[in-house]
Amino acid sequence: MNEPSNEDKSYWVAGARTRRHRYFYPRNNMPGILLFGVIAVLGCLTLVVAMRHYMVARSLTNPDFVLGVIGLFAVLLSIYQSWKLWRMDQQ
């Protein structure tokens, strides 16, 4: 059975153990933080596209509004999740 080891070079660290299961968690959360950073950048790009459409048309259409809300949601969610992962890494 291929189980992650508890060596220094391993990405996985052994966590809690029950009678039937062994739990592992990652040694650091940097891949998750970077993933949410990419999501934040994509959210910023959607906000820029929505604002550019608004500035050109001088009227807010429904698709532009939805695009802006999606971009804002992506940015806020990714910043919050990155902060949570970073804080978990500090403990």
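Residues numbered from 1 in each chain as written. Predicted model: local features only at pLDDT ≥ 70, side-chain atom pairs only at ≥ 80, totals over all residues. Heavy atoms only, no water.

1. Describing the pairing of strand β1 (residues 12-17)
Piece 1. Bridging between β1 and strand β2 (residues 22-26) involves four bridges; their strand directions are antiparallel. Looking at the pairing, W12 lines up with P26 of β2.
Piece 2. In textbook terms, the turn of a hairpin is the stretch between consecutive antiparallel strands, and for β1 and β2 this stretch comprises four residues. (Pairing = 2+ DSSP bridges. Helix = DSSP H or I, 4+ residues; strand = E, 2+ residues; numbered from the N terminus.)

2. Some points on the side chain of S82
Piece 1. Looking at the secondary structure, you find S82 in helix α2 (residues 62-90).
Piece 2. Of note is the side chain of S82, whose polar atom sits 2.9 Å from the backbone oxygen of S78.
Piece 3. Excluding its chain neighbours within four sequence positions, the residues that come into contact with S82 are I33, F36 and G37. (Polar contact = N/O pair within 3.5 Å; in protein donor to acceptor, adjacent residues only side chain to side chain. Contact = heavy atoms within 4.5 Å.)

3. Brief notes about a nonpolar patch on the surface
Piece 1. Together, M51, Y54, M55, L60, F65, V66, V69 and I70 give the surface a local cluster of nonpolar side chains, amounting to about 760 Å² of exposed area.
Piece 2. Every element with two or more residues in the nonpolar patch is listed here: α1 (30-57) and α2. (Patch = residues over 30% accessible without salt bridge, like charges linked within 9 Å, V, L, I, M, F, W, Y side chains within 5 Å. Areas by Shrake-Rupley, 256 points an atom, 1.4 Å probe, with all protein chains shown as cover. Salt bridge = Lys/Arg side-chain N within 4 Å of Asp/Glu carboxyl O.)

4. Let's talk about unusual backbone geometry
Piece 1. In this model, R58 sits at a positive phi of 60°, which is unusual for a non-glycine residue.
Piece 2. Here R58 is to be found in the loop between α1 and α2.

5. Comments concerning the environment of Y25
Piece 1. Assignment of secondary structure puts Y25 in strand β2.
Piece 2. Between the C-alpha atoms of Y25 and W12, which are 13 residues apart in sequence, the distance is 5.6 Å.

6. A word on the side chain of S78
Piece 1. Along the chain, S78 turns up in helix α2.
Piece 2. Here S78 falls in the buried class, since its relative accessible area comes to 1%.
Piece 3. Leave out the neighbours within four places in its chain, and S78 touches F36, I39 and A40. (Buried < 20%, exposed > 50% of the residue type's maximum accessible area, 1.4 Å probe, protein only.)

7. Brief notes about α1
Piece 1. Its 28 residues give α1 an end-to-end C-alpha distance of 41 Å, which sits within 8% of 40 Å, the value for a rise of 1.5 Å per residue.
Piece 2. Within α1, burial applies to I33, F36, A40, G43 and A50.
Piece 3. Contact partners of the buried residues in α1: α2.
Piece 4. Residue R58 follows α1 closely and has a positive phi angle near 60°. (Expected span 1.5 Å × (residues − 1).)

Purely geometric stuff here, so don't read any function into it on its own.
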